[in-house]
Amino acid sequence: MQRFRCFVAGIFLCMFFCAAATAQRTYWQQKAEYKMAVKLDVHTNRLTGTEQVTYYNNSPDTLHRIFFHLYWNAFQPGSMMDVRSRELGKIVLGLNEKGDTVRDWDSRVRDRILHLKPDEIGYDSVVTLKMDGRRQEIRYHETILEVLPDRPVLPGSSVRFDLIFKCQVPVQIRRSGRDNAAGVRYSMSQWYPKICEYDYRGWHPTPYIAREFYGVWGDYDVTIDLDKHYLVGGTGYLQNPQQTGYGYAAAGTKVSSPRGGLLSWHFYAPNVHDFMWAADPRYRHLSQTVNNAAQTTLHVIYKKDTASAAAWQEVLKAAVRALPFIEKHFGPYPYKQYSFIQGGDGGMEYPMGTLIAGPSLGTVFHEWMHSWYQMMLGTNESMYPWMDEGFATYAEGKVSYYYYHAYADSVFKDDPKGREITLGKLDKALPLGAADAYRGYFSLVESGLAEPMTTHADHYETNFAYGQNAYSKGAVFLEQLGYITGAQVRDSILMQYYRKWRFKHPDPNDFMRVAEKVSGMQLDWYQEYWINTTKTIDYGIEDLKNEDGHAQITLRRIGEMPMPVDLLVRYKDGHTEMHYIPLYEMFGTKPREDSAGRRIVHKPWRWTNPVYHLSLPDSVSAISSIEIDPSQRMADTGRGDNRVSGGIIIGRARHPKADLVN
Ligand SMILES: [Zn+2]
């Protein structure tokens, strides 16, 4: 019996340790090397091409199915994208200033797909698909192609797919297409059969409904043949500038374009997860190489006849000026080129370039910052859009704030009124550089349409909630993290996150682990409340009175979400004190953030306790004001009771029982 028990115990021990070993997540990612040769007919708007994809299965799994995206099949009447947009159009959000009904659908999409004619629709069609030379069975699921390989793809192996495909470029509806509102002929994004990402959560064959992307890291070698009168810009380094000309060849190079009506453009893009290009016969091309470590050449490509030519030239100047600040705060830009290209609608980010409808600097900075938050830190945007849109929005705010202050003399040289308005707006609204994001988040809370940030980007009940969550609440996440950890620590977190996770696929837990390690704080509660729930923050000053000659303050947590509290006390003699109450769950304290006045760290506030009492050395009569979080980085949904001045709560007092006159 004894021996038997040992044997059984041994089995249990093995089961325990083996399970523990396999449960450990060791990071891996797939790789895809693309080699494409395509030809675009500018008269029929059709493209034909060949595509080789060498696919490396670095996962520990045997793959019995492979999926590809065929995005352009979304631009057909009755597609999932069409139906989804029209369904959202039935939701009325309210009225605009003109009194018109505001519907929840994307105003660029509306019901436009339903009305596309046969020569206006888009399609991606795979004529043949081979794996290692053998033809494979394929199944179409609208925007997703399923491959049923005759042999499974084994862990650690690589296979080569050879595709022949043909496409029709859709009339521009959303992001990609032809003949956009500004008359740009071709905005070529999401245009080729693109292998879906497979990660530790499995395949991501996300149908194209509206939202953004997730892709496999790899190299792209792309040759594009088209009418020689078209100038092409896009992802990757042009390999044959001496044949293309159009401002790509070094000054003094003799351009020898081939005879015939077509010109071949050969691009190579290392270590990216997508490939975009744009083409137009009336593009103008500006470029400048900057003196960063990568010696990046910045390109600006816009329509010659546009009324905003001067503003497009300003884009290049602004990008050159902003890059040192961006690299210092968010990490080096490692690629040798980046292109700001007029195209698409609004703005949309791609590796080494963006398609922007106009030269607004806010959009320029936003899309460029996506080179960090999505193009290098390739989060799954369908699952975690806030890590992409929110982080880019946050960074856009910081870059804009810097740029308009540092270059005000030049930017507003002939526009003193514009200077006053722009800088006034930036300097008055708190938190500095992030006020718009907070406004957006508060509007979401007020709307009653909030959903947790864990919601899949395509599956929000409303576009509105998606937008405010992904962009605004996602940006507030980072600004508010600075309130919790201290702004400098938050900046170090972002830099460490960049160093550890660039060219990979970080998820929320990966970011939070970096944040915890760098800050030395427990931050799981922040992720739990802010990301996983719609619970809100609301603190208030409930009571201020004298006891034995000392001011006694009672604070109350009114909202469900607990937070640490900065409480600034201003005295009538002009001096100030920052009283800091850490949250118990943090198991740590924020370092002092500025050198002004005394700072007093109090005992942590336990979230189970709705109220917190603190006592000051002076009496109430010595105090001129008390304020919770004067930086306004804590997203307090009821700031009306955050400040007491002259014994009266400023704003909306919600606790009239408090005796505040003393
Ligand atoms: Zn964005």
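None of these values were measured; they are calculated from a predicted model.

Reading the values: rules and limits
- Residues numbered from 1 in each chain as written.
- Predicted model: local features only at pLDDT ≥ 70, side-chain atom pairs only at ≥ 80, totals over all residues.
- Heavy atoms only, no water.
- Helix = DSSP H or I, 4+ residues; strand = E, 2+ residues; numbered from the N terminus.
- Rg over C-alpha atoms; globule rule 2.2 N^0.38 Å.
- Contact = heavy atoms within 4.5 Å.
- Areas by Shrake-Rupley, 256 points an atom, 1.4 Å probe, with all protein chains shown as cover.
- Lys, Arg positive; Asp, Glu negative; His and termini not counted.
- Charge placed at Lys NZ, Arg CZ, Asp CG, Glu CD.
- 1 Å grid on protein atoms, 1.4 Å probe; cavity = no way out; pocket = protein on both sides within 12 Å on 5 of 7 lines; lining within 4 Å.
- Points joined across faces, edges and corners; volume = space filled by probe spheres on them.
- Nonpolar A, V, L, I, M, F, W, Y, C, P; charged D, E, K, R; others polar.
- Pairing = 2+ DSSP bridges.
- Axes fitted to C-alpha atoms, helices over the stretch in contact; angles between N-to-C directions.
- Parallel < 35°, antiparallel > 145°, perpendicular 65-115°, else oblique.
- Left-handed = near helix turned anticlockwise from the far one by under 90°.
- Core = buried A, V, L, I, M, F, W, Y, C linked by side-chain atoms within 4.5 Å.
- Buried < 20%, exposed > 50% of the residue type's maximum accessible area, 1.4 Å probe, protein only.
- Donors = N, O, S within 2.8 Å, 3.2 Å for Na, K, Ca; no water.
- pLDDT = per-residue confidence, 0-100.
- Expected span 1.5 Å × (residues − 1).

1. So, the overall build of the protein
Consideration 1: Check the secondary structure of the protein and you find 13 helices and 34 strands.
Consideration 2: By the compact-globule yardstick of 26 Å for 662 residues, the protein fits well, its C-alpha radius of gyration being 28 Å.
Consideration 3: Each of the three principal axes of the protein carries a C-alpha extent, and together these read 95 × 95 × 50 Å.
Consideration 4: A separation threshold of at least 6 residues defines the contact pool for the protein, and within that pool the share at least 24 residues apart is 69%.
Consideration 5: Carbon and sulfur atoms provide 53% of the accessible area of the protein, an area that totals close to 28000 Å².
Consideration 6: Considering the protein, the positive charge centre built from 75 side chains and the negative charge centre built from 75 side chains are found 3 Å apart.

2. Regarding the layout of surface pockets
Consideration 1: There is about 1000 Å³ of room inside the largest pocket.
Consideration 2: Lining the largest pocket we find 41 residues, and of these His366, Thr393, Glu396, Asp436 and Tyr471 sit closest to its centre.
Consideration 3: Among the residues making up the lining of the largest pocket, the classes are represented as 13 nonpolar, 15 polar and 13 charged.
Consideration 4: Within this model, the second largest pocket holds a volume of roughly 870 Å³.
Consideration 5: Taken together, 36 residues make up the lining of the second largest pocket; nearest its centre are Ala487, Glu593, Asp594, Ser631 and Arg633.
Consideration 6: At the level of secondary structure, the elements contributing two or more residues to the lining of the second largest pocket comprise helix 4 (309–330), helix 6 (385–406), helix 11 (487–501), strand 28 (565–571), strand 29 (576–581) and strand 30 (598–601).
Consideration 7: Here the lining of the second largest pocket gets 6 residues from one element, more than from any other, and that element is helix 11.
Consideration 8: Taken together, the residues that form the lining of the second largest pocket break down as 16 nonpolar, 7 polar and 13 charged.

3. Details of the sheet that holds strand 22 (residues 297–303)
Consideration 1: Spatial ordering of the open sheet is given by 21-22-23-25-24, a layout of 5 strands whose pairing is mixed. If you trace the sheet from one side to the other, it starts and ends with strand 21 (283–289) and strand 24 (347–350), each paired once. Ignoring strand direction, the axes of neighbouring strands in this sheet form an average angle of 15°.
Consideration 2: Direction of pairing for strand 21 relative to strand 22: antiparallel, over a ladder of 7 bridges. Within the sheet, the bridge partner assigned to Arg284 lies in strand 22 and is Tyr302.
Consideration 3: Helix 4 rests against strand 21, strand 22, strand 23 (337–342) and strand 25 (353–356) of the sheet, and its axis sits at about 165° to strand 22.

4. A closer look at the packing of helix 6 against helix 11
Consideration 1: Running from amino to carboxyl end, helix 6 crosses helix 11 at an angle of 130°, the nearest separation of the two axes being 14 Å. Between helix 6 and helix 11, the angle falls in the class oblique. The handedness of the crossing between helix 6 and helix 11 comes out as left-handed. Across the interface between the two elements, Met387, Phe391 and Tyr394 from helix 6 touch Arg490, Asp491, Leu494 and Tyr497 from helix 11.

5. As for the nonpolar core
Consideration 1: Counting residues in hydrophobic clusters, the biggest one holds 181 residues, and the most contacted among them are Phe161, Trp191, Trp277, Trp372, Phe511 and Trp530.
Consideration 2: A total of 11 residues in this core trace back to one element, the largest contributor, which is helix 4.
Consideration 3: Those residues in contact with Phe161 that sit more than four places away from it in its chain are Glu51, Gln52, Val53, Tyr55, Ile66, Phe68, Leu129, Lys130, Met131 and Ile195.
Consideration 4: Counting residues in each nonpolar core, the second largest holds 6 residues, with Leu444, Ala457, Tyr460 and Tyr466 among its members.

6. Side note on the coordination of the zinc ion
Consideration 1: The protein atoms that coordinate the zinc ion are His366 (NE2), His370 (NE2) and Glu389 (OE), at distances of 1.9 to 2.1 Å.
Consideration 2: Along the chain, the residues donating to the zinc ion are arranged with the sequence spacing H-x3-H-x18-E. On the criterion of sequence distance, the pair formed by His370 in the loop between helix 5 (361–369) and helix 6 and Glu389 in helix 6 is long-range, its members being 19 residues apart.
Consideration 3: Given the relative accessible area of 1%, Glu389 is considered buried.

7. Quick notes on the confidence of the model for the protein
Consideration 1: On average, residues of the protein score 93 in pLDDT, and 94% of them are at 70 or above.
Consideration 2: Across residues 1–8 the pLDDT falls below 50, and counting only partners more than four positions away or on other chains, this stretch makes 0 contacts in the model.

8. What to know about the pairing of strand 3 (residues 66–69)
Consideration 1: The alternating pattern of strand 3 places Ile66 and Phe68 on one face and Phe67 and His69 on the opposite face, and all of these are buried.
Consideration 2: Two elements, strand 3 and strand 9 (residues 144–148), share 4 bridges in a ladder whose sense is antiparallel. Residue pairing for strand 9: Ile66 is matched across the bridge by Val147.

9. Here's the deal with empty space enclosed by the protein
Consideration 1: With the rule as written, the count across this model stands at 6 cavities of 30 Å³ or more.
Consideration 2: For the largest cavity, the calculated volume is near 130 Å³.
Consideration 3: Around the largest cavity, the lining comprises 13 residues; the ones closest to its centre are Ser85, Leu88, Ile209, Ala210 and Asn463.
Consideration 4: Looking at which element gives the most residues to the lining of the largest cavity, the answer is helix 2 (residues 80–88), with 4 residues.
Consideration 5: Along the lines of polarity and charge, the residues of the lining of the largest cavity split into 6 nonpolar, 2 polar and 5 charged.
Consideration 6: What the second largest cavity holds in volume is close to 110 Å³.
Consideration 7: His69, Thr206, Glu212, Phe213 and Ser382 are the residues nearest the centre of the second largest cavity, which is lined by 17 residues in total.
Consideration 8: Classifying every residue of the lining of the second largest cavity gives 8 nonpolar, 5 polar and 4 charged.

10. Some thoughts on helix 6
Consideration 1: Compared with the 32 Å implied by 1.5 Å per residue over 22 residues, the 31 Å span of helix 6 between its first and last C-alpha is a close match.
Consideration 2: Within helix 6, 17 of the 22 residues are buried, which leaves it mostly tucked inside the rest of the structure.

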